[in-house]
Amino acid sequence: METGSSSEGSPEPKKGKSKTPRKPKAKDSVLKQKSPAEFFAENKNIAGFDNPGKCLYTTVRELVENSLDSAESISELPVVEVTIEEIGKTKFNSMIGLVDRERVDEALYDDHETAKARERRLAKEAKAQEIQAKNAALGKKVKENTASKGMKGRGEASFYRVTCKDNGRGMPHDDIPNMFGRVLSGTKYGLKQTRGKFGLGAKMALIWSKMSTGLPIEISSSMRDQNYLSFCRLDIDIHRNMPHIHVHEKREFKDQWRGAEIQIVIEGNWTTYRSKILHYMRQMAVITPYAQFLFKFISDAPEKNVTIKFARRTDVMPPVPLETKHHPSSVDLLLIKRLITETSKQNLLQFLQHEFVNIGKSYAERLIGEMGPDFSPKMAVKSLTSQQIVRINQLFRQAKFDDPSGDCLSPAGEYNLRLGIIKELHPDMVATYSGSAQVFEGHPFIVEAGVSVGGKDVKQGLNIFRFANRIPLLFEQGADVVTRTALKRINWNSYKINQTQDKIGVFVSVVSTKIPFKGTGKEYIGDDISEIATAVKSAIQQCCIQLKSKIVKKIQAREQQERKRNLSKYIPDATNAVYDVLKEMAQLHASKKKRYEGEDAEILKKVSAKLITKETLRQKLAEHVEKVDYEMALEYATHGGVSEEPKEAIYIQSLETEPKFIDLRSPIFVFRLFQ
């Protein structure tokens, strides 16, 4: 009744709180800033720190790549030792000075199992055992009982001490705090081919360490001609993006070791990312066969320990990548303004000549003439207005320029790529190809490829290995240009390769001053860049063409062996038949019913005299088959160089002394001439 009356004539009932928007408090409108360290701490997935397992993997990768860069920068054959030590909860608590405490209120914890939950779990396990018993009685295949997983609470974490030691350049004593404790500061920000993706390196690992364990990082470093050891223990002030130094000192050092050793304790997950970390180390050994890696995982349980050594296969290193200047077609307004601010050149003509590649004096004068009457070769470059800078940028986008050369790039090289594939996969056959330098948006790039067939620990079908600036890419493979090209754009059957049955390894390495990664994680190269997609397809096809000729010759050799076996199988029957005919002919010749002359008569006389027997014929036929087979095999080996003999691995030892020599390089070998 009340409801009806109110709906007819009464005003609407009260709706509670008013919809008037709340006035913001004064502090809500205060302008706030974040430091770079704070930004990356809140968005750590951008740098590959998505979860504890990925954090452990990315930490290992960053440290290994820094070590390789350090050794290669001084042309030293890299020796990198990586150790991951598992730290139990009790040991970790003692490291941070925390005393273990027994639980008082079990129901308070996330991993507490209530009586009802335990009852349901036990009933489920009993039912599963009953089903297995019935299947066993009926003779059906029974799956093994998997141990029931205990509930793991959110607070139960696994901690690991990651140590990486190298024989590289080392670090200047005074620069160590800023190199590790200040985000977006480093030595790799020039325009050149670098392994790093963000320039974060071990800084992001330090941020993760501070977030997960609160423990500092420890750095030991020793440089050439330095009689002391630099030791630094520090963490990072995330809000101010500054190093927080605990210890920074010079220590007495009598050892001959030179390089750096970094030790950090982080939360991680070895169980889920074990295969990824080992796969990364194996692929790194493929692309850098001139390096020696020693990887160790140490656990409280000895059966979980892992020790793998990836031996050096060669002492031929790629050249050190060179820093280059910007190509006019690759710059934008901001970059032009920065170059103008930083240049030491006085006038516009010198600026165009010396700050960009492929602009000579005459071409620079032509460009300045095209810019308009407000420009002159002698005008001060620092006096350019914003409008004039826009005009320069517009002309750069429209004018023609020669493509940049690939001289500044440092690909692995066919020789090293081939050695790495043979060393780690032991394939039956392998082909490699290195393309010439090409250009994408003003940046030079080189694509190298290798295709192998057969091998150890290789699955059937396509096994794709991707590298960018000589580092392995293990994630987001499906969207990568290499994967899509190998799966969809290569007709493997036309090269006598079975895409599903054969064990095929596809290795593609792209090096450039700017790798066009896609996605925030920078784990794959997009398929929408036609220049790179075409170069990748061409490189794989060149490898397949090489393999096709080898496969065809191998098939011919196999057919030849089959013919030999077939002929040898019929030698006894052919011997009996021929000898019976000869014996009958000899009898006719002896009875003068039919006369034979010349060589025929001589042979028949030998048959009658038993100088030619079945055994003699059998031996002659076997020799003839062997001779024909040998002549065909010799011709085949001369053309193809294929041997069915087992292959023996040959390892070239590093030179202890430093003699003078000249390297004569070929796509498949290096001939070293000692002087």
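Computed from a predicted structure; not experimentally measured.

Visitor: Looking at this structure, how should I read the overall build of the chain?
Guide: Scanning the chain from terminus to terminus reveals 18 helices and 18 strands. Counting the 675 residues in the chain, one finds 42% classified as buried. Taking the contacts inside the chain whose residues are at least 6 apart along the sequence as the reference set, 74% of them involve residues at least 24 apart. For the chain, the exposed surface amounts to about 39700 Å²; the carbon and sulfur share of it is 51%.

Visitor: Before we go on, may I ask you to explain the environment of Val481 in this structure?
Guide: By secondary structure assignment, the location of Val481 is in helix H14 (residues 481-489). Overall, the relative accessible area of 0% leaves Val481 in the buried class. Measuring from C-alpha to C-alpha, the distance between Val481 and Ile525 comes to 5.9 Å, with 44 residues separating the pair along the chain. In this structure, Val481 is in contact with Arg489, Ile525, Gly526, Asp527, Ile532 and Ala533, ignoring residues within four places of it in sequence.

Visitor: When you look at helix H15 (residues 530-569) in this model, what are you seeing that I'm missing?
Guide: The α-helix winds at 3.6 residues per turn, so residues separated by three or four positions along the chain end up facing the same way. Compared with an ideal rise of 1.5 Å per residue, which puts 40 residues at 58 Å, H15 spans 57 Å between its outermost C-alpha atoms and is within 8% of the ideal. Among the residues of H15, Ile532, Ala533, Ala535, Val536, Ala539, Ile540, Cys543, Cys544, Leu547, Ile551, Ala557 and Gln560 are the ones counted as buried.

Visitor: What is the right way to read a nonpolar patch on the surface from this model?
Guide: Residues Met95, Ile96 and Leu98 make up a contiguous nonpolar surface patch of about 240 Å² in total accessible area. Inspection of the secondary structure assignment puts Leu98 in the loop between helix H4 (89-95) and helix H5 (115-137). On the basis of relative accessible area, Leu98 is assigned to the partly exposed category, the value being 48%.

Visitor: Quick question: what am I supposed to make of the pairing of strand E2 (residues 158-165) here?
Guide: Strand residues, when the strand is regular, have side chains that alternate between the two faces of the sheet. The buried fraction of E2 is high, at six of eight residues. Here seven bridges tie strand E1 (residues 79-87) to E2, and the two strands are oriented antiparallel to one another. Pairing of Thr83 across the sheet is with Thr163, part of E2.

Visitor: Explain the pairing of E1 here, please?
Guide: The sheet contact formed by E1 and strand E7 (residues 292-298) spans seven bridges and is parallel. Residue pairing for E7: Val79 is matched across the bridge by Gln292.

Visitor: What exactly am I supposed to notice about the confidence of the model for the chain here?
Guide: Should pLDDT be low for a region, the predicted coordinates there are not to be read in detail. When pLDDT is averaged across the chain, the result is 83; 85% of the residues are at 70 or more. Per-residue pLDDT, averaged within each element of the chain, yields its smallest value for helix H1 (residues 2-8) (45) and its largest for E7 (95). Note that residues 1-10 has pLDDT below 50 and, in this model, one contact with residues that lie over four places away or in other chains. Overall, residues 149-154 carries pLDDT values under 50, and its contacts beyond four positions in sequence, including any with other chains, amount to 10 contacts.

Visitor: What is the right way to read the packing of aromatic side chains from this model?
Guide: Aromatic rings considered in pairs are described by the distance between their centres and by the relative angle of their planes. Enumeration over the complete set of coordinates arrives at 14 aromatic pairs. Geometrically, the ring pair formed by Tyr363 and Phe401 is edge-to-face, given 5.8 Å between the ring centres and 65° between the ring planes. With Tyr363 in helix H11 (residues 361-371) and Phe401 in the loop between helix H12 (386-398) and helix H13 (414-425), this pair connects stretches of sequence that are 38 residues apart. In this structure Phe401 comes out as buried when scored by relative accessible area, which is 14%. Summarising the aromatic geometry, the rings of Phe396 and Phe401 are spaced 5.9 Å apart at their centres and angled 80° between planes, so their arrangement reads as edge-to-face. Cluster of aromatic residues (ring-pair linked, three or more members): Phe351, Phe356, Tyr363, Phe396 and Phe401. The residue whose ring lies beneath Lys250 is Tyr228, and the NZ or CZ to ring-centre distance is 4.7 Å.

Visitor: What's the story with the sheet that holds E2 in this structure? I'm lost.
Guide: For sheets, the rule is that strands pair by backbone hydrogen bonds, running either parallel or antiparallel. The mixed open sheet is built from eight strands, whose spatial order is E5-E4-E3-E6-E2-E1-E7-E8. The strands lining the two open edges of the sheet, one partner per strand, are strand E5 (242-252) and strand E8 (306-310). Strand after strand, the sheet turns through a mean of 15° between neighbouring axes, direction not considered. The pairing of strand E3 (residues 217-222) with strand E4 (residues 228-237) spans five bridges and is antiparallel. Paired with Ser220 across the bridge in E4 is Phe231. Along the sheet face, helix H7 (residues 202-212) touches E2, E3, E4 and strand E6 (259-268) and points at about 40° away from the line of E6. On the sheet, helix H8 (residues 270-287) packs against E1, E2, E6, E7 and E8 and is oriented at approximately 170° with respect to E7.

Visitor: Help me understand the pattern of salt bridges, please; the structure alone is not making it clear to me.
Guide: For side chains bearing opposite charge, pairing can occur when the charged atoms are close. If you walk through the whole model with that rule in mind, you get 23 salt bridges. What you see here is one network of salt bridges that share partners, running through Asp69, Glu72, Arg195 and Arg470.

Visitor: Help me out: how do you make sense of unusual backbone geometry in this one?
Guide: When glycine is set aside, most residues are seen to have a negative phi, and most peptide bonds are trans. Non-glycine residue His426 carries a positive phi angle of around 50°. Mapped onto the secondary structure, His426 falls in the loop between H13 and strand E9 (429-434). In this structure, Asn469 takes a positive phi of about 50° despite not being glycine.

Visitor: Any chance you could explain H5 here in plain terms?
Guide: Counted at 1.5 Å a residue, the expected span for H5 with its 23 residues is 33 Å, and the 33 Å between its end C-alpha atoms agrees. Two residues or fewer past H5, Gly139 is found with a positive phi of approximately 80°.

Visitor: Sorry if this is basic, but what is going on with the nonpolar core here?
Guide: Ile84, Phe180, Trp270, Phe293 and Phe295 are the most contacted members of the largest nonpolar core, which has 68 residues in total. Apart from residues no more than four positions distant in its own chain, Ile84 is found in contact with Leu56, Val60, Tyr160, Arg161, Trp270, Ile277, Phe295, Lys296, Phe297 and Ile298. With 36 residues, the next largest nonpolar core counts Val453, Val506, Ile525 and Val536 among its residues.

Quick notes on the rules
Residues numbered from 1 in each chain as written. Predicted model: local features only at pLDDT ≥ 70, side-chain atom pairs only at ≥ 80, totals over all residues. Heavy atoms only, no water. Helix = DSSP H or I, 4+ residues; strand = E, 2+ residues; numbered from the N terminus. Buried < 20%, exposed > 50% of the residue type's maximum accessible area, 1.4 Å probe, protein only. Contact = heavy atoms within 4.5 Å. Areas by Shrake-Rupley, 256 points an atom, 1.4 Å probe, with all protein chains shown as cover. Expected span 1.5 Å × (residues − 1). Patch = residues over 30% accessible without salt bridge, like charges linked within 9 Å, V, L, I, M, F, W, Y side chains within 5 Å. Salt bridge = Lys/Arg side-chain N within 4 Å of Asp/Glu carboxyl O. Pairing = 2+ DSSP bridges. pLDDT = per-residue confidence, 0-100. Phe/Tyr/Trp six-rings, centres within 6.5 Å; stacked < 30°, edge-to-face > 60°. Lys NZ or Arg CZ within 6 Å of the ring centre and 35° of its normal. Axes fitted to C-alpha atoms, helices over the stretch in contact; angles between N-to-C directions. Core = buried A, V, L, I, M, F, W, Y, C linked by side-chain atoms within 4.5 Å.

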